[in-house]
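# Structural description and commentary
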Amino acid sequence: MSKQTPVPKEKERLLQEQAQLIDELSRLRELMQAEVDIEPDEGDAEIFEREKNAALIAVLEAKLQNVQAALRLIDKGNYGICTRCGKPIDPGRLEAKPDATLCVSCQEEVERLSRRGRPGRQIQW
Ligand SMILES: [Zn+2]
């Protein structure tokens, strides 16, 4: 006899988010492929637009990977546990960010470390 566990609401949210991200990514990738003719006058704006899209694609891809990692954790029954230190993640944090796989202090630590290794260019939305 197999025990049927209901789909947790976090999983539903993550699946929805995953679908949205995949949609958005394919739309952006199409856009990137479509815009090949650059008018000299509009060159700068076009290039800026493309750079913005490329940056956005990178952000969405990272987000999608997070969402998929969280979905795998749900399937393994490890959802809500920090993958770095093994402590439970604050439920309020999971509510706000269902794809969180790190607790707040590990997240801050990882961000601090990755910022140090990267060039200081930041794109403002
Ligand atoms: Zn942690």
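Let us look at the structure shown here. Please read these numbers as outputs of a predicted model, since none were measured by experiment. (Residues numbered from 1 in each chain as written. Predicted model: local features only at pLDDT ≥ 70, side-chain atom pairs only at ≥ 80, totals over all residues.)

Bringing the overall build of the chain into the picture now. For the chain, the count of helices and strands is four helices and zero strands. Reading the chain from its N end, one meets helices and strands in the order α-α-α-α. Burial status across the chain gives 10% buried among its 125 residues. (Helix = DSSP H or I, 4+ residues; strand = E, 2+ residues; numbered from the N terminus. Buried ≥ 20, exposed ≤ 12 C-beta atoms within 10 Å, placed from the backbone.)

All right, on to the environment of A19 then. Within the secondary structure, A19 sits in helix α1 (residues 9-34). For A19, a count of 11 C-beta atoms within 10 Å translates into the label exposed. When the C-alpha positions of A19 and L64 are compared, they lie 9.2 Å apart, and in sequence the two are 45 residues distant.

What follows concerns the environment of L14. Position of L14 among the secondary structure elements: in helix α1. Exposure remark for L14: the 22 C-beta atoms within 10 Å place this residue in the buried category. Measuring from C-alpha to C-alpha, the distance between L14 and A70 comes to 7.8 Å, with 56 residues separating the pair along the chain. If we skip the residues at most four places from it in the chain, L14 touches V67, A70, L71, P98 and D99. (Contact = placed C-beta atoms within 7 Å.)

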